[in-house]
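# A structural walkthrough
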There are 2 protein chains.
Amino acid sequence: MDEFLAAALVEARLGYAAGGIPIGSVIIHNNEIVGRGHNQRVQQGSVIRHGEMDALENLGRKPAGFYRECTLYTTLSPCPMCSGAILLYKIPRVVIGEHRTFMGEEDLLRSRGVQVDVVDSQECRSLMQEFEEKFPDVWNQDIGV
Amino acid sequence: MDEFLAAALVEARLGYAAGGIPIGSVIIHNNEIVGRGHNQRVQQGSVIRHGEMDALENLGRKPAGFYRECTLYTTLSPCPMCSGAILLYKIPRVVIGEHRTFMGEEDLLRSRGVQVDVVDSQECRSLMQEFEEKFPDVWNQDIGV
């Protein structure tokens, strides 16, 4: 597995080990990880700190041009909120671990010029499948279902 | 002015008084304010706590059905991230103070069935104009420009 997707998966597993929703994300700039995060709905009671949002928040405030040189990796297809954040900050490329357990706003991202690459990782998918089967209520709350 | 938009404007002014970006939001359920917030980029160094996001976070975790009975008021047209959060949680109606100083994703929201009402408030506009003229760098960073 790509080292950056592997790092996002480490984040997802950290979240799961802490009792949370196992979705992780890393942000890459100049071939280095500059931001990492994972979903914080359970741990922090947050409704906005999805994995991608947590990585952005942990990256901190940057000038607009910085984001335009970044790639965002996420273990799961990004929901409307996280896709909106990608559009807001004009992140040009997103690498997605899998989109079989949840299909996010990939079409919207592509329609706005974002390069979207889907890895279709078995490891990412297995982790989400296990979680969704064990904790369907928490998962549904996280995606507004 | 509508009492709920007035409450969002109070939030915006609280943020401005604290040295922040003057955008405020309230969330209404059964004709009562259940969440309030304002942009926290300066105060908390946050890149995700726009006014609408701060109101959602302050509202806290709710079942999916709750959001579908809510209206979100915001002093300024919602950016892609905040619009995405509105879509994620399926908030059916958004009332916007003004969209002359910044046009958000109103078309996207409408295309997904969200009722979008624009008040075109002079008070909301004056506050943003004053801020954008005084602090253009902070403002541009907040909208990824």
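Everything in this summary refers to the structure shown in the same document. (Residues numbered from 1 in each chain as written. Chains lettered and ligands numbered in written order. Predicted model: local features only at pLDDT ≥ 70, side-chain atom pairs only at ≥ 80, totals over all residues. Heavy atoms only, no water.)

### Things to note about the overall build of chain A
The condition is simple: Starting at the N terminus, helices and strands are each numbered in turn, a helix being any DSSP run of H or I of at least four residues and a strand any DSSP run of E of at least two. For a compact globule the rule gives 2.2 Å times the number of residues to the power 0.38, and the radius of gyration it is set against comes from C-alpha atoms. Relative accessibility decides the category of a residue: with a 1.4 Å probe and only protein chains considered, values under 20% of the type maximum give buried, values over 50% give exposed, and everything between is partly exposed. Contacts are assigned to residue pairs that have any heavy atoms within 4.5 Å of one another.
The secondary structure content of chain A amounts to seven helices and five strands. Against the compact-globule benchmark of 15 Å for 145 residues, chain A has a radius of gyration of 14 Å, which places it among compact chains. Based on the C-alpha atoms only, the size of chain A along its principal axes is roughly 40 × 30 × 25 Å. Within chain A, buried positions represent 61% of all 145 residues. Nonlocal contacts in chain A, meaning residues at least 24 apart in sequence, comprise 51% of its contacts between residues at least 6 apart.

### A word on the interface of chain A and chain B
Our working definition: The quantity reported as buried area is the accessible area (1.4 Å probe) lost by two parts once they are put together, taken as the sum for both. Any Lys or Arg side-chain nitrogen found within 4 Å of a carboxyl oxygen on Asp or Glu counts as a salt bridge. Here a polar contact means two N or O atoms within 3.5 Å. Within protein one must be a hydrogen donor candidate and the other an acceptor candidate, and residues neighboring in sequence count only if both atoms are side-chain atoms.
With 36 residues of chain A at the interface, the matching set in chain B holds 36 residues. Interface area, chain A with chain B, both sides summed: about 2900 Å², of which 58% is carbon and sulfur. The interface formed by chain A and chain B holds two salt bridges in total. For A:R112, the salt bridge identified is with B:E105, shortest N-O distance 2.8 Å. The interface formed by chain A and chain B includes 22 residue pairs in polar contact (both at pLDDT 80 or more). Sorting the residues of the side of chain A that touches chain B by element identifies α2 (51-59), α3 (64-67), α4 (80-88) and α7 (136-142) of chain A as the ones contributing at least two each. It is α4(A) that provides the largest number of residues to the side of chain A that touches chain B, a total of six residues.

### Considerations on the side chain of A:T101
Residue and element names in this part refer to chain A. Relative to the helices and strands, T101 resides in the loop between β4 (93-98) and α5 (106-111). Within polar-contact distance, the side chain of T101 engages the side chain of E98 at 2.7 Å. Looking at T101, its side chain comes within polar contact range of the side chain of E132, at 3.2 Å. Apart from residues lying up to four places away in sequence, T101 is in contact with L76, R125, M128, Q129 and E132.

### Concerning the environment of B:G15
On the secondary structure map, B:G15 appears in helix α1 (residues 3-17). Sequence-distant contacts of B:G15, that is, excluding residues within four places in its chain, are made with B:G20, B:H38 and B:Q43.

### Description of the environment of A:T101
Owing to a relative accessible area of 17%, A:T101 belongs among the buried residues under this scheme. Taking the C-alpha atoms as reference points, A:T101 and A:G37, separated by 64 residues in sequence, lie 20 Å from one another.

### With respect to the pattern of salt bridges
Residues and elements named next belong to chain A. Across all of its chains, the model carries 16 salt bridges over all chains by this definition. Among the ionic pairs, R49 bridges to D54, the shortest N-O distance being 2.5 Å. Residue classification places R49 among the buried residues on the basis of a relative accessible area of 16%. Salt bridges linked by common partners bring R49, D54 and E57 together as one network.

### Examining the relation of the copies chain A and chain B
What counts here: Here the copies were fitted onto each other by least squares, based on C-alpha atoms from residues at pLDDT of at least 70 in both.
Once turned by 180° and shifted 0.0 Å along the axis, chain A lies on chain B with an RMSD of 0.0 Å. Accordingly, the operation relating the two chain copies is best matched by a two-fold axis. Same-surface contact between copies: 100% of interface residues of chain A are shared with the interface of chain B.

### A few points about the packing of α4(A) against helix α4 (residues 80-88) of chain B
Helices that pack against each other are described as a pair by the angle of their axes relative to one another and the distance between those axes. Inclusion rule: Geometry is summarised by axes, namely lines fitted to C-alpha atoms with helices restricted to the contacting stretch, and by angles between N-to-C directions that run from 0 to 180 degrees. Here roughly perpendicular refers to angles of 65 to 115 degrees, roughly parallel to angles under 35, roughly antiparallel to angles over 145, and oblique to all remaining angles. Each residue receives one of three labels: charged for Asp, Glu, Lys and Arg, nonpolar for Ala, Val, Leu, Ile, Met, Phe, Trp, Tyr, Cys and Pro, and polar for the others, Gly being one of them.
One way to put it is that α4(A) packs onto α4(B) with a least axis distance of 7 Å and a crossing angle of 170°. One finds that α4(A) runs roughly antiparallel with respect to α4(B). The residues of α4(B) that touch α4(A), namely those facing A:P80, A:M81, A:G84, A:A85, A:L87 and A:L88, are B:P80, B:M81, B:G84, B:A85, B:L87 and B:L88. Within the contact of α4(A) with α4(B), the residues separate by chemical class into ten nonpolar, two polar and no charged.

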